Each structure stands twice: as structure tokens, then as C-alpha cells.
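Descriptive structure summary
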Amino acid sequence: MAWSIADVSRMSGVTSRTLRHYDEIGLLPPAWIGSNGHRYYEQADLLRLQQILLMRELDLGLREIRAVLDSQVDRVAVLREHHQRLLAERDRLGTLARTVGRTIAELEEAEENDDMATINRPENLFEGFEPSVEENDKVRERWPKAWEQSRQAVESMTAEDTERWQREVTAQMIRFAEFMVAGTPVDDPAVQTEVGLHYRGVCRFWAPNAVAYKGLGRTYVEEPGMRANYDKIADGLAEYLRDAMVAYADAKLS
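A short tour of the structure in this document, coming up. The shown structure was predicted, so the numbers you read here are calculated from the model rather than taken from an experiment.

1. Details of the overall build of the chain
What the chain contains, in helices and strands, is 12 helices and 3 strands. Within the chain, the proportion of its 254 residues that are buried is 39%. Partitioning the intrachain contacts of the chain with sequence separation of at least 6 by distance along the chain shows that 66% fall at a separation of at least 24. Accessible surface, the chain as shown: approximately 14,800 Å² in total, 51% of it carbon and sulfur.

Have a look at this one:
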């Protein structure tokens, strides 16, 4: 039995555009293509798609997923490794939940304090993390090699990748804002754990050393457009993130 690309999209929730992209990069070719040019998938293809979606949930990149599926790698061992990551993430979320609870308590206690920072949660999670052309030029001048690596990485992202990345960035900035509003020091272990995630996110595009990572933090503060992105969420967030990045660079990258 075979299913059309529309059928597979409806069953899996994966858009036809994404399925075509998976075909183009050799990750999930259809079983056959009809005379009308439509793609058709068989049961083995659906099982492969299920594995792709599972590994995407575990934050594996498309290249890594293809390597796992096309090799003789022990898939159980791979899943076991990522299960450990999920358990670590569960613990991290527990820490953040306690931080948010503390933030709520402190905000309620200080309701009448007009000077206290507040967190703005943008209705559209895709707002605010795209630097202007002018700022891109400044980054290019400061770190030309890193800029080129980043440009290539961005161009290789699908629309789905970009949407997911934008959501992750905005969610992480809100978590940093929650730490800041709660008065958590930038060198607090929970904050530094979050900075570690931020650093690894940056490394998806380029791998800065201690000096470059500190410089990136300064860029968040010094470039008006970038600073505005962070301050949309909470006033002073750009400085807080910069200081947290400095502490991380001194402790982990020096």
C-alpha cells in the first residue's frame, strides 16, 4: 500500500514542503514518483519518517539523523544517550520552574515598586531577533570568518529549522529575563547552565573562543537594534546577558 505526499502530511503533521526538502537532501526519498509527478510513500518510508521525527524531538540535526539512519549505528544506543539528555533537561526545567515561582512571589511582593523590572512576553514569538543589515555589516567587519560560517549555516536551514530556532531563542531570552527579575547573580550555577545552552546554540553557527564570546555579549549591548531585541523582553536584559556571558567565558572558555 502507498500513500501520497498529501496523505503523509495529513497523518504526520509534517508539511509537504518539509517532506519535499527531506527528499531533496536524501533523508526521506519517496518509494516512487507517479507519472503525474506526485511522490508516494510506502510503509517502510512511514517508519523512517517516524524515526526522523523522534530524533528531531531529541534535537538531532538533519545531517546527524541521516548518518544514524543510513549507517549501522546502534539506534538503541543513540536513543539511550539522548534519553540521558532528556533527563538532564527535565532537571534543568525543574530548576527554572522554581526560579519562575520565586520571580512570581517577588513580583507580587513588589507590585507597588514602579522601578522594578518587568518581563514583557511578546505575543508573536518570532518578533525581534533579526539584526538589521547595518548590524550584520558590523558583525561581518568584526568577525569575518565567523560571519561567513554563520551565513552558510543559516542558508542551510529550512523554513522549519528557522521557525524552531526563533522560538528557542525567544524562549531562552525569557528565561534569562526571569533570572534577572528574580535578582539571580549572573554567576549563579542555574544562570551559568543556561549560558552554556546559549553558547552551544551559538556554536551551531560558529565556535567563539573566550574573547569572541565576550565580544558577542558586548555587541548585544552596544548595537542599538540588537539591544532593542533583548530590551523588548525586559529592560536591562542585554547587560545582564553580557555579564553572564563574561562570567561563562572566564570560567569555561579561558
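There's plenty left to go through after this.
2. Here we look at the pattern of salt bridges
Within this structure, the stated rule accounts for 6 salt bridges. Close ionic contact of Asp-250 with Lys-214 constitutes a salt bridge, the shortest N to O distance being 2.5 Å. A residue pair is termed long-range when its members are at least 10 positions apart, and Asp-250 in helix H12 (residues 237-253) and Lys-214 in helix H10 (residues 210-222) qualify at 36 residues. Taking relative accessible area as the criterion, Lys-214 reaches 23% and is therefore assigned partly exposed.

3. As for the pairing of strand E3 (residues 39-42)
Pairing of strand E1 (residues 2-4) with E3, which is carried by 3 bridges, proceeds in the antiparallel orientation. For Ala-2, the partnering residue across the bridge sits in E3 and is Glu-42. Of the pairings in the sheet, the one linking strand E2 (residues 32-33) to E3 comprises 2 bridges and is antiparallel in character. Its bridge partner being in E3, Ile-33 is matched across the sheet by Arg-39. Once E2 ends, the chain turns through 5 residues before running back antiparallel as E3, passing Gly-37 with a positive phi of about 85 degrees.

4. Some remarks on helix H1 (residues 5-12)
Restricting attention to buried positions, one finds in H1 the residues Ile-5, Val-8 and Ser-9. Here the buried residues of H1 occupy an arc of 100 degrees about the axis, which is enough to place them on one side. Residues of H1 that are buried make contact with E1, helix H2 (16-24), E3 and helix H3 (43-57). Following H1 by one or two positions, Gly-13 adopts a phi angle in the positive range, close to 85 degrees.

5. A look at the sheet that holds E1
Sheet strands pair via backbone hydrogen bonds, and the direction of the pair is either parallel or antiparallel. Ordered by their spatial adjacency, 3 strands build an open sheet running E1-E3-E2, and the pairing between neighbours is antiparallel. For this open sheet the edge positions go to E1 and E2, each flanked by a neighbour on one side alone. Where H1 meets the sheet, it contacts E1 and E3, and its direction lies at approximately 85 degrees from that of E1. Packing of H3 onto the sheet brings it into contact with E1 and E3, and relative to E3 it is tilted by some 85 degrees.

Cut-offs and rules
- Residues numbered from 1 in each chain as written.
- Predicted model: local features only at pLDDT ≥ 70, side-chain atom pairs only at ≥ 80, totals over all residues.
- Heavy atoms only, no water.
- Helix = DSSP H or I, 4+ residues; strand = E, 2+ residues; numbered from the N terminus.
- Buried < 20%, exposed > 50% of the residue type's maximum accessible area, 1.4 Å probe, protein only.
- Contact = heavy atoms within 4.5 Å.
- Areas by Shrake-Rupley, 256 points an atom, 1.4 Å probe, with all protein chains shown as cover.
- Salt bridge = Lys/Arg side-chain N within 4 Å of Asp/Glu carboxyl O.
- Pairing = 2+ DSSP bridges.
- Arc of directions from axis to C-beta.
- Axes fitted to C-alpha atoms, helices over the stretch in contact; angles between N-to-C directions.

By themselves, these figures tell us nothing about what the structure is for.
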